[in-house]
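# Coordinate inspection notes
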Amino acid sequence: MALDNSVSGVLIDQVALGVEELARACDVEAEWVVRHVRAGVLGGDIDASAPERLQFGSADLVRARRLLSLESVFDANEDIAALVLDLGDEIHRLRARLRVLGAE
C-alpha cells in the first residue's frame, strides 16, 4: 500500500513563504523556484539576486503548482509552460471583466 505524502492546509494571503518553503510545498528543489523567479514567471517584481530573502504569497504558491503541472504533465519546457500559464491568467481576467460588465 502506497503512502500519501500530500500536505493540505489553509492558505492565508498575509503569510509569506520563503524559497525553501515554496519548494517543499511544490515538491521541487529550491533551484527550480529561483530559476523561475529569475525568468520572471514567479514572484512578480521581486529581486532574485538574494534568494534567501525572497517571499511568496498564496497566489505564488498556486501559480507555482500550476506551472509545475504544465511542465510535468504536458512535458512542456519552461518557456512554453510560462506562456500557457500567462495566457490562462489573461483569459481568467477577461472573463472576470465580462462578468462585471454583465456580458457573460
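What comes next is a walk through the structure. Quick caveat, the model's predicted, so the values are computed rather than measured. (Residues numbered from 1 in each chain as written. Predicted model: local features only at pLDDT ≥ 70, side-chain atom pairs only at ≥ 80, totals over all residues. Heavy atoms only, no water.)

### Some words on the overall build of the protein
Within the protein, the secondary structure is distributed over 4 helices and 0 strands. Along the protein, from the amino end to the carboxyl end, the secondary structure elements read α-α-α-α. Buried residues in the protein amount to 32% of all 104 residues. The contacts in the protein between residues at least 6 apart in sequence include a share of 47% that link residues at least 24 apart. Looking at the protein as shown, the accessible area adds up to about 7600 Å², and 54% of this sits on carbon and sulfur atoms. (Helix = DSSP H or I, 4+ residues; strand = E, 2+ residues; numbered from the N terminus. Buried < 20%, exposed > 50% of the residue type's maximum accessible area, 1.4 Å probe, protein only. Contact = heavy atoms within 4.5 Å. Areas by Shrake-Rupley, 256 points an atom, 1.4 Å probe, with all protein chains shown as cover.)

### Considerations on helix α4 (residues 78-101)
In this model α4 runs 35 Å from its N-terminal to its C-terminal C-alpha over 24 residues, within 8% of the 34 Å that 1.5 Å per residue would give. What α4 keeps buried is the set Ala81, Ala82, Leu85 and Asp89. The elements touched by buried residues of α4 are α3 (58-73). Of the residues flanking the start of α4, the one acting as N-cap is asparagine 77, its side-chain oxygen 3.0 Å from the backbone nitrogen of aspartate 79. (Expected span 1.5 Å × (residues − 1). Polar contact = N/O pair within 3.5 Å; in protein donor to acceptor, adjacent residues only side chain to side chain.)

### A short note on the packing of helix α1 (residues 19-26) against helix α2 (residues 30-38)
Between α1 and α2, the least distance of the axes is 8 Å, while the angle of their chain directions is 110°. It follows from the interaxial angle that α1 and α2 lie roughly perpendicular. Two secondary-structure elements touch here, α1 through Val19, Glu20, Leu22 and Ala23 and α2 through Ala30, Val33 and Val34. The residue inventory of the contact of α1 with α2, partitioned by class, reads 6 nonpolar, no polar and 1 charged. (Axes fitted to C-alpha atoms, helices over the stretch in contact; angles between N-to-C directions. Parallel < 35°, antiparallel > 145°, perpendicular 65-115°, else oblique. Nonpolar A, V, L, I, M, F, W, Y, C, P; charged D, E, K, R; others polar.)

By themselves, these observations are geometric and do not establish any function.
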